[in-house]
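The residues making up each chain are set out below.
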Amino acid sequence: MKMIMTNFAVAKTRKFMSDNHDVLERVIIKFAGDSGDGMQLTGTQFTNTAALLGNDLSTFPDFPAEIRAPQGTLAGVSGFQLHFGSINIYSPGDACDVLVAMNAAALKVNLRELKHGGLIIVNSEGFDARNLRLAGIDKEDNPLTNGSLDNYQVIKIDITKLTRACLEESPLTTKQVDRAKNMFVLGYLYWMYNRELDNSIKFLGDKFSGKPEILDANIRVLKAGFAYGDTTETATRRFIVNPAPMPPGNYRNIMGNQATAMGLIAASRKAGLPLFYGSYPITPASDILHELSKHKNFGVRTFQAEDEIAAICTIIGASFGGQLGVTASSGPGIALKTEAMGLGVMLEIPMVIINVQRGGPSTGLPTKTEQSDLNQAILGRNGEAPMPVVAANSPADAFEAVFEACRLALEFMTPVIFLSDGFIANGAEPWRFPTTAQLKDIKIKFTTEKNDGERFLPYKRDDKLSRPWAIPGTAGLEHRIGGIEKEHETGNISYEPENHQFMVRLREDKVEKIADHIPPQELDSGPAKGKILLLGWGSTYGAIKTACIQARKEGIEVSHAQLRYIKPFPKNLGELLYNFEKVIIPEMNNGQLLQLLRSRFMIPAIGINKVKGLPFSSGEILEKLKELTSTTKEHA
Amino acid sequence: MPEATPALKPKDFVTDQDVRWCPGCGDYSILKQVQTVMPTLGIPREDIVFISGIGCSSRFPYYMETFGMHSIHGRATAIASGLKSARPDLSVWVVTGDGDGLSIGGNHFIHLLRRNFNINLLMFNNQIYGLTKGQYSPTSEEGKVTKSTPMGSVDHPFNPIALALGAEGTFIARTMDRDPAHLKEMIRRSYDHGGTSFLEIYQNCNVFNDGAFFVYTEKDTKKAETLFVEHGKPLLFGAENEKGVRLDGFKPVVADMKDTSNSPDDLWVHDERDRVKAGILSRFFDDPATDGHFPRPFGVFYIEERFRYEDAFNEQIKQAIASNGEGDLDKLLRGRDVWEIH
Ligand code: SF4
């Protein structure tokens, strides 16, 4: 497989592939430090360079819950996990090969994630008396000296001191100088993994354009980190991770929230409608707002509303006016929006409601990930208020999935829920991006003519049971819509019992009929008939896929399907499920899809449930799978 | 520019729906005046949108032959904000009540005012919850005995005019259902204002709060208890305008104009653009039963020209296109760093 770089100098793999170079298939690095240490940036930079070199990869940042948690404490630790390789990578991985710990707290929090015998790179200055105290470690118990790390390889570098020495001449303040120490780490790892600095130098040039002193300092420290690897004997080995075999195409690296924003813009373009995004800031959805607000030249309207309710109400107004209305939030915000979602169901106007799920209930775990809002998406409204529910299964997949959510909303005149989660939102992976021409067309047409002789019936339906979209400004089609039950076709207020039951059924049928217009459920891997099906939805995709690959290696026959459409289910889903003796559903909740499937298809599906605010590791799924296959006893 | 439609008559704005308010309700009069004003605006019906929330008043859109939405409780203002942002070309009207607008929808109400969309907000204030059959509202007077407050309400009420001023409103006015000429004029002036127009309309709920405003609306007390303010005119009231208001520093004082030592030249002359005086005027809000109270003002308290949200909002789109060019989707999807695999 041949690689061509664009926008980036071709990586000249160093000539001396001598005996101190090991070729690795895949590596998991965890960058960890205080939230002020810049580990997210270091991780992202290393990731982008790996992506440009053609490695397949998956990342997962682990943010501290508080924005300004006390420095040096366990609560202030910020982490970034990168899994990259010359093979296909589907998840950020399980145990790490390498742990970068900028201080004692970062080591303490992350050590249990490190493989036995793994490599630890520490900033020794982060283990002084003060840092030990802040991390709650006794001075006598300094892990760097007490022998507790004997089973690992430890590289101690006084990064703070070296950074300061490198910038001795710099006019920057000590505080500014210290902030550059993450570049030392980056440079050092680039040396260790044989990567060029060009991409990061270019990035720094953009980031600090107009701040020549800071730019100069960062580049100098980056190079110093690299040189430090070259000249010292801290590490005896260097590593090579070759490009991964990926399907041919053009790739870029992308994060989930970014992919979501792009999917929305793409849908708005394909539908020929301006995107109206009404939103209220909330973790972890806000980055969609930030991303969209950068692209106003695409006709994107971003409205930061006074609250969650206003956010969804503004998009109801915009949609009534003929734009593509989209709002996003996370669980607590979605809870506030539910009444307006019900209004959307009654009005039958297109809108997309994005839930970037986080740990719940209530405020729960804002910076952590969970899939526990599925019930809320399916059922969380008063009355019989059906809405299609579409879920993304990875950061890059968010693009296509949200595009599809927009398509359904517009073509079927209905609110649609799009489910993402914190893991997808902040995770990143290579994306084989499409061209505009490859994207589906979204067919919408505003109604401009009366549809019943001299009358206009706003709720007269087409064969999809969809109603006309007649926007203000269309002469002769003046009409009123509202949240009170309406008479079939005319849309006038009606309290008639028969009419109500009819309309309730009609709205349900309309959503169920969408199943005629979505692709059938396919298997991701494995035989179409057999003993075990692992069925997932959303961000569990990578972990399940990896677990399946491993299971097959170990002789366990297993198939895997990942749902994108949860309401309505694809038409063939029942048939697909009945072809397996056991259906196992891993979910980051207490079994919400499990219940839906049990009640819908009457199958004794089994759940693997994890509700820790953290994604599944493939190992956890594999272990459970083995347990479930070795016994006939069913786990409820 | 929308074409003028001189041919339209008030009846062209009447829908085929039966009006369902209680007989004698003040809402009828408001509906009639709105339907009277509409044809004079020169806007085609299809460019007009009425949006309401929940409450008696909120049935309004169903009776207007325009585009309309009867939404959910308290949210008409937020929905209208989205619509007006998306479609500045439309004439957007919000119909709300004291409960819908100031209680459940209080937050959107203040934010609508500060953003200053060109939206006309008609707030029917009847100081009671009518649709839910008679509980006190956020404008009900202290001690109000209702179904939910048999021992009297312990809530202190809002002063809607003062609230609108505090929320940076740019057009703030009060009128009443039982003075059709004034009502009509105030509706028209609300429309004429280029930003958010807040019109508080005292409306009689003859079923649950009958006579709440009779002291202002009925013949025998109206002249003495109301103060109709007009820009550039002195503040006068009473059966024969025999009373005036002058300012002693920032303190309003009622002057007996029959007393010749009080010169009409010393009276407070209403200035719609004077925010400080509008603030003082908004405090003419005391209980008409108390001694030394001031008459209740009607008319336009305050007007200010300020940029409109929808203009600035859409201007940014134009600016972004001017400086970055019309968005190129393929370029956006490619991003900065791309690699190709063959
Ligand atoms: S309850 Fe009161 S406000 Fe409501 S319609 Fe009847 S009279 Fe009018």
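Given the structure is predicted, the values throughout are model-derived calculations rather than measurements.

About the cut-offs
- Residues numbered from 1 in each chain as written.
- Chains lettered and ligands numbered in written order.
- Predicted model: local features only at pLDDT ≥ 70, side-chain atom pairs only at ≥ 80, totals over all residues.
- Heavy atoms only, no water.
- Helix = DSSP H or I, 4+ residues; strand = E, 2+ residues; numbered from the N terminus.
- Contact = heavy atoms within 4.5 Å.
- Areas by Shrake-Rupley, 256 points an atom, 1.4 Å probe, with all protein chains shown as cover.
- Lys, Arg positive; Asp, Glu negative; His and termini not counted.
- Charge placed at Lys NZ, Arg CZ, Asp CG, Glu CD.
- Core = buried A, V, L, I, M, F, W, Y, C linked by side-chain atoms within 4.5 Å.
- Buried < 20%, exposed > 50% of the residue type's maximum accessible area, 1.4 Å probe, protein only.
- Near = heavy atom within 4 Å.
- Nonpolar A, V, L, I, M, F, W, Y, C, P; charged D, E, K, R; others polar.
- Phe/Tyr/Trp six-rings, centres within 6.5 Å; stacked < 30°, edge-to-face > 60°.
- Buried area = accessible area lost by both parts, 1.4 Å probe.
- Salt bridge = Lys/Arg side-chain N within 4 Å of Asp/Glu carboxyl O.
- Axes fitted to C-alpha atoms, helices over the stretch in contact; angles between N-to-C directions.
- Parallel < 35°, antiparallel > 145°, perpendicular 65-115°, else oblique.
- Left-handed = near helix turned anticlockwise from the far one by under 90°.
- Pairing = 2+ DSSP bridges.
- Domains from an automatic or database assignment.
- Polar contact = N/O pair within 3.5 Å; in protein donor to acceptor, adjacent residues only side chain to side chain.
- Expected span 1.5 Å × (residues − 1).

**Q** Can you explain the overall build of chain B? Please cite residues and give values.
**A** Assigned secondary structure in chain B consists of eleven helices and twelve strands. A separation of at least 24 residues holds for 66% of the contacts in chain B among residues at least 6 apart in sequence. As displayed, chain B offers around 14300 Å² of accessible surface, 53% of which is attributable to carbon and sulfur atoms. Here chain B contributes 38 positively and 48 negatively charged side chains, and the mean placements of these two sets differ by 2 Å.

**Q** Tell me about the nonpolar core, and name the residues and values.
**A** If you look at the biggest cluster of nonpolar residues, it comprises 99 residues, and the most contacted ones within it are Leu 535, Ile 566, Leu 577 and Leu 593 of chain A. Of all the elements, helix H11 (residues 308-320) of chain A adds the most residues to this core, at nine residues. Residue contacts for Ile 566 of chain A: discarding those within four places in its chain leaves Leu 374, Ile 378, Val 389, Ala 391, Trp 537, Leu 593 and Leu 596 of chain A. Listed in part, the 57 residues of the second largest apolar core include Ala 405 and Ala 409 of chain A together with Leu 333 and Val 338 of chain B.

**Q** Can you lay out the site of the ligand for me, pointing to particular residues and giving the numbers?
**A** The local shell around the ligand consists of Trp 21, Cys 22, Cys 25, Cys 56, Asn 126, Gly 130, Gln 203, Cys 205, Asn 206, Val 207 and Phe 208 of chain B. Broken down by class, the residue content of the shell around the ligand amounts to seven nonpolar, four polar and no charged.

**Q** Break down the packing of aromatic side chains for me, with residues and values.
**A** Across all of its chains, the model carries 39 aromatic pairs over all chains by this definition. Both rings, one in Phe 46 of chain A and one in Tyr 190 of chain A, keep their centres 5.6 Å apart while their planes meet at 20°; by these two values the pair is stacked. Residue Phe 46 of chain A is located in helix H1 (residues 39-52), and its partner Tyr 190 of chain A is located in helix H6 (residues 181-192); the two are separated by 144 residues in the primary sequence. Like Phe 46 of chain A, the residue Tyr 190 of chain A is buried in the burial classification. With 5.2 Å between their ring centres and 75° between their planes, Phe 109 of chain B and Phe 198 of chain B make a pair best called edge-to-face. Of this pair, Phe 109 of chain B sits in helix H4 (residues 106-115) while Phe 198 of chain B sits in strand S6 (residues 197-202); the two residues are 89 residues apart in sequence, bridging distant segments of the chain. The same class applies to Phe 109 of chain B and to Phe 198 of chain B, which are both buried.

**Q** Give me the lowdown on the interface of chain A and chain B, citing residues and values where you can.
**A** With 79 residues of chain A at the contact, the number on the chain B side is 59 residues. Of the roughly 6000 Å² buried at the junction of chain A and chain B (both faces included), carbon and sulfur atoms supply 59%. Of all residues in chain A, Asn 297, Glu 306 and Arg 480 of chain A bury the most surface against chain B, accounting for 12% of the area lost on that side. Our enumeration of links across chain A and chain B arrives at five salt bridges.

**Q** Now, about the pattern of salt bridges: what can you tell me, with residues and values included?
**A** A full pass over the atoms with the stated rule returns 46 salt bridges over all chains. Between Arg 507 of chain A and Glu 485 of chain A there is a salt bridge, and its shortest N-O distance comes to 2.9 Å. Linking Arg 507 of chain A in helix H16 (residues 497-512) with Glu 485 of chain A in the loop between strand S18 (480-482) and H16, this pair joins segments that are 22 residues apart in sequence. The exposure classification of Arg 507 of chain A matches that of Glu 485 of chain A, with both residues buried. Between Lys 567 of chain A and Glu 512 of chain A there is a salt bridge; the shortest N-O distance is 3.4 Å. Of this pair, Lys 567 of chain A sits in strand S21 (residues 565-567) while Glu 512 of chain A sits in helix H16; the two residues are 55 residues apart in sequence, bridging distant segments of the chain. What makes Lys 567 of chain A buried here is its relative accessible area of 14%. Taken together, the salt bridges that share partners define one network made up of Lys 202 and Asp 206 of chain A together with Arg 336 and Asp 337 of chain B.

**Q** Before we move on, could you go through the packing of helix H17 (residues 541-553) of chain A against helix H20 (residues 618-630) of chain A and cite the residues and values that matter?
**A** Residues and elements named next belong to chain A. At a closest axis distance of 8 Å, the pairing of H17 and H20 adopts a crossing angle of 55°. When the axis of H17 is compared with that of H20, the two are oblique. As H17 runs across H20, the sense of the crossing is right-handed. The segment H17 lies against H20, with Ala 543, Ile 544, Thr 546, Ala 547, Gln 550 and Ala 551 engaging Ser 618, Ile 621, Leu 622 and Leu 625. A breakdown of the residues in the contact of H17 with H20 according to their chemical character gives seven nonpolar, three polar and no charged.

**Q** Describe unusual backbone geometry, and please don't skip the residues or the numbers.
**A** Excluding glycine, a negative phi dihedral is what most residues carry, and trans is how most peptide bonds are arranged. Residues and elements named next belong to chain A. Backbone torsion omega between Gly 360 and Pro 361 reads -5°, so that peptide bond is classified as cis. Within the fold, Pro 361 resides in the loop between strand S14 (351-357) and helix H13 (374-379). Put simply, Lys 567 and Pro 568 share a cis peptide bond, and its omega is -10°. Position of Pro 568 relative to the elements: it lies in the loop between S21 and helix H18 (573-578). For Ser 362, which is not a glycine, the phi torsion comes out positive at approximately 50°.

**Q** How would you sum up the packing of H6 of chain A against helix H8 (residues 212-231) of chain A? Please name residues and give values.
**A** When two helices pack together, you describe them by how their axes are tilted relative to each other and by the distance separating the axes. All names here are of chain A. Contact pair H6 / H8: the axes reach a minimum separation of 7 Å and the direction vectors enclose 40°. Considering their axes alone, H6 and H8 lie oblique with respect to each other. The interaxial crossing formed by H6 with H8 has right-handed handedness. Contacts between H6 and H8 pair Met 183, Phe 184, Leu 186, Gly 187, Tyr 188, Tyr 190 and Trp 191 from the former with Asn 218, Val 221, Leu 222, Ala 224, Gly 225, Phe 226, Tyr 228, Gly 229 and Asp 230 from the latter.

**Q** So what's going on with the pairing of strand S10 (residues 249-255) of chain A? Residues and values would help.
**A** Two elements, S10 of chain A and strand S12 (residues 339-341) of chain B, share three bridges in a ladder whose sense is antiparallel. Bridged to Tyr 251 of chain A within S12 of chain B is Trp 339 of chain B. In terms of strand pairing, S10 of chain A meets strand S17 (residues 428-432) of chain A through five bridges, oriented antiparallel. Looking across to S17 of chain A, one finds that Tyr 251 of chain A is bridged to Arg 432 of chain A.

**Q** Describe the domain arrangement of chain A, with residues and values.
**A** Residue and element names in this part refer to chain A. Domains assigned within chain A are domain 1 (8-240), domain 2 (252-438), domain 3 (445-518) and domain 4 (530-635). Using only C-alpha atoms to locate each centre, domain 1 and domain 2 end up separated by 34 Å. Listed per partner, the contact involves 15 residues of domain 1 and nine residues of domain 2. Here domain 1 meets domain 2 over a buried area of about 960 Å², counting both sides, of which 59% is carbon and sulfur. Of all residues in domain 1, Thr 59, Phe 60 and Phe 63 bury the most surface against domain 2, accounting for 39% of the area lost on that side. Applying the counting rule to domain 1 against domain 2 returns one salt bridge. Between domain 1 and domain 2 we count three residue pairs in polar contact (both at pLDDT 80 or more) in total. Here the element with the most residues in the side of domain 1 that touches domain 2 is strand S4 (residues 56-62); it accounts for seven residues. In terms of residue class, the side of domain 1 that touches domain 2 is made up of eight nonpolar, five polar and two charged.

**Q** Residue-level account of the sheet that holds strand S3 (residues 91-97) of chain B, with values.
**A** Strand order across the open sheet formed by nine strands is S18(A)-S2(B)-S1(B)-S3(B)-S4(B)-S6(B)-S5(B)-S11(B)-S7(B), with mixed pairing between neighbours. With one partner strand each, in any of the chains shown, S18 of chain A together with strand S7 (226-229) of chain B form the two edges of the open sheet. Put simply, the sheet's adjacent strands are angled 20° from each other on average, direction ignored. Running over the sheet, helix H9 (residues 275-282) of chain B touches S7 and strand S11 (296-303) of chain B and is turned about 155° from S11 of chain B.

**Q** Explain H1 of chain A residue by residue, including any values.
**A** Residue and element names in this part refer to chain A. The end-to-end C-alpha distance of H1, which contains 14 residues, comes to 20 Å, matching closely the 20 Å that a straight helix rising 1.5 Å per residue would cover. The element H1 is extensively covered by neighbouring structure, given that twelve of its 14 residues are classed as buried. Along H1, the residues classified as buried are Met 39, Gln 40, Thr 42, Gly 43, Gln 45, Phe 46, Thr 47, Asn 48, Thr 49, Ala 50, Ala 51 and Leu 52. A positive backbone phi angle near 90° is found at Gly 54, which sits one or two residues after H1.

**Q** I'd like to hear about the sheet that holds strand S9 (residues 243-248) of chain B, residue by residue, with values.
**A** Paired through backbone hydrogen bonds, the strands of a sheet run either parallel or antiparallel to each other. Residue and element names in this part refer to chain B. Reading across the sheet, the three strands line up as S8-S9-S10 and stay open at both edges, with antiparallel pairing between neighbours. Two strands in the sheet have a free side with no partner beyond their single neighbour: strand S8 (236-237) and strand S10 (251-256). Two elements, S9 and S10, share six bridges in a ladder whose sense is antiparallel. For Lys 243, the partnering residue across the bridge sits in S10 and is Asp 256.

**Q** How would you sum up the domain arrangement of chain B? Please name residues and give values.
**A** In many reports, interface size means the accessible area that the parts give up when they come together. Residue and element names in this part refer to chain B. By the assigned domains, chain B splits into domain 1 (10-233 + 270-309) and domain 2 (234-268). Centre-to-centre separation of domain 1 and domain 2, based on C-alpha positions: 29 Å. Buried area between domain 1 and domain 2, summed over both chains or domains, comes out near 1200 Å², and the portion from carbon and sulfur atoms is 78%. If you sort the residues of domain 1 by the area they bury against domain 2, Lys 223, Ile 280 and Phe 294 come out on top, with a joint share of 35%. Applying the counting rule to domain 1 against domain 2 returns zero salt bridges. Sorting elements by how many residues they give to the side of domain 1 that touches domain 2 places H9 first, with four residues. Residue composition of the side of domain 1 that touches domain 2, grouped by class: nine nonpolar, three polar and three charged.

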